[in-house]
Amino acid sequence: MEEREISKAVIKRLPRYYRYLGEILESGVERISSSELSARMNVTASQIRQDLNNFGGFGQQGYGYNVAYLYEEIGKILGLDRKHNMIIVGGGNLGQALANYVAFEKRGFVIKGIFDVNPVLKGLSVRGIEIHMLEDLERFIREEEIQIAALTLPKSKASEMAELLVRYGIKAIWNFAHIDLKVPEDVLVESVHLSESLMQLSYNITRYEREHP
């Protein structure tokens, strides 16, 4: 299939399709129409067909979608058919919470290590994942072939650490710090600003209360 530019909105919906299809597959459903998938996901059937047509369609007229096949193909599009070695930089509460999230491995994201500057944490483990000190960072990234770094440091330290990670060869950063990182064009950054998400929820609550006094 020829490569084409896919909109960010479509890419953002793909993990949701994957999650729903996984649940549908576990329930024993073998095939599903775009209308049935629409009812479950609260996305229009037309939107579903348009989104999937960006990657070849996958459906058959009068049959719908083979759930197992579509689930597998979307997994391939998302790169979940291969392993991604990752580290967590920041061994505090958030970093340890991420390390404890076992679903990462099921999706192919293998957390190889946690890094921190606090010597009290050195050698401790979170779910069997050892906490290392930063002096081991460059060697560890190279030897363990780390692709992704989850950055869970305070805002004041995030930019400096991002520069270090880039210098050591990291090409993808999952950024939880409340700062927009400036990195080279060939380094991918996905930022998760928890407070912004909470503020959006606050806005929606406020709007609902205004519309439903």
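Definitions and cut-offs
Residues numbered from 1 in each chain as written. Predicted model: local features only at pLDDT ≥ 70, side-chain atom pairs only at ≥ 80, totals over all residues. Heavy atoms only, no water. Pairing = 2+ DSSP bridges. Helix = DSSP H or I, 4+ residues; strand = E, 2+ residues; numbered from the N terminus. Contact = heavy atoms within 4.5 Å. Axes fitted to C-alpha atoms, helices over the stretch in contact; angles between N-to-C directions. Buried < 20%, exposed > 50% of the residue type's maximum accessible area, 1.4 Å probe, protein only. Arc of directions from axis to C-beta. Parallel < 35°, antiparallel > 145°, perpendicular 65-115°, else oblique. Nonpolar A, V, L, I, M, F, W, Y, C, P; charged D, E, K, R; others polar. Core = buried A, V, L, I, M, F, W, Y, C linked by side-chain atoms within 4.5 Å. Patch = residues over 30% accessible without salt bridge, like charges linked within 9 Å, V, L, I, M, F, W, Y side chains within 5 Å. Areas by Shrake-Rupley, 256 points an atom, 1.4 Å probe, with all protein chains shown as cover. Salt bridge = Lys/Arg side-chain N within 4 Å of Asp/Glu carboxyl O.

A few words now on the sheet that holds strand β5 (residues 125-126). Within the open sheet, the seven strands sit side by side as β5-β6-β4-β3-β7-β8-β9. Their pairing is mixed. The outermost strands of the open sheet, each flanked by one partner alone, are β5 and β9 (188-191). Examined bridge by bridge, strand β3 (residues 84-89) and strand β4 (residues 109-116) share six bridges and lie parallel to one another. Residue H84 lies in a different strand from β4, and its bridge partner there is F109. Along the sheet, helix α8 (residues 155-167) makes contact with β3, β7 (148-151) and β8 (172-175), crossing β7 at roughly 170 degrees.

Among the residues making up helix α2 (residues 34-41), those that are buried are S34, L37, S38 and M41. The arc that holds every buried residue of α2, seen down its axis, measures 105 degrees, which confines them to one face. Structurally, α2 contributes buried residues whose contacts are with α1 (8-26), β1 (31-32), α3 (45-53) and β2 (65-66). One or two steps after α2, the chain reaches N42, where phi turns positive at roughly 60 degrees.

This paragraph deals with the environment of Q96. Within the secondary structure layout, Q96 lies in helix α5 (residues 93-99). Remark: the alpha-carbon pair of Q96 and V192, spanning 96 residues in sequence, is separated by 16 Å. Apart from residues no more than four positions distant in its own chain, Q96 is found in contact with G91 and V126.

This part takes up the packing of α1 against α2. With their axes 11 Å apart at the nearest point, α1 and α2 run at an angle of 105 degrees to one another. In this view, α1 runs roughly perpendicular relative to α2, as classed from their interaxial angle. Facing R16, Y17, Y20 and I24 of α1, the residues of α2 in contact are L37, R40 and M41. When its residues are assigned to classes, the contact of α1 with α2 shows five nonpolar, no polar and two charged.

This part covers the nonpolar core. Y17, I48, L52, Y65, L70 and I74 are the most contacted members of the largest nonpolar core, which totals 22 residues. Taken together, the elements giving at least two residues each to this core come down to α1, α2, α3 and α4 (67-77). The greatest single-element share of this core, amounting to seven residues, is contributed by α1. By size, the runner-up hydrophobic cluster in this structure holds 20 residues, among which are F115, L137, A162 and L165.

Another point: a nonpolar patch on the surface. Taken together, L198, L201 and I205 make up a surface patch of nonpolar side chains, about 290 Å² in accessible area. Looking at the secondary structure, you find L201 in helix α9 (residues 194-211).

Now for the environment of R40. Checked against the element boundaries, R40 lands in helix α2. On the basis of relative accessibility, which here comes to 44%, the residue R40 falls in the partly exposed class. Measuring from C-alpha to C-alpha, the distance between R40 and Y20 comes to 8.1 Å, with 20 residues separating the pair along the chain. What R40 contacts, discounting residues up to four positions off in sequence, is Y20, I24, V29 and I32.

This brings us to unusual backbone geometry. Both trends apply: most residues other than glycine have a negative phi, and most peptide bonds are in trans. Residue N42 is not a glycine yet carries a positive backbone phi of 60 degrees. Turning to its location among the elements, N42 is positioned in the loop between α2 and α3. The backbone phi angle of E145 is positive, close to 50 degrees, even though this residue is not glycine. Turning to its location among the elements, E145 is positioned in the loop between α7 (137-143) and β7.

Moving on, we come to the pairing of β3. Summarising burial for β3: six of the six residues are buried, a large majority. A two-sided burial pattern is seen for β3, the buried positions comprising H84, M86 and I88 on one face and N85, I87 and V89 on the other. Pairing between β3 and β7: four bridges, direction parallel. Paired with M86 across the bridge in β7 is I148.

This brings us to the pairing of β4. In terms of strand pairing, β4 meets strand β6 (residues 129-133) through three bridges, oriented parallel. Directly across from F115, in β6, lies its bridge partner H132.

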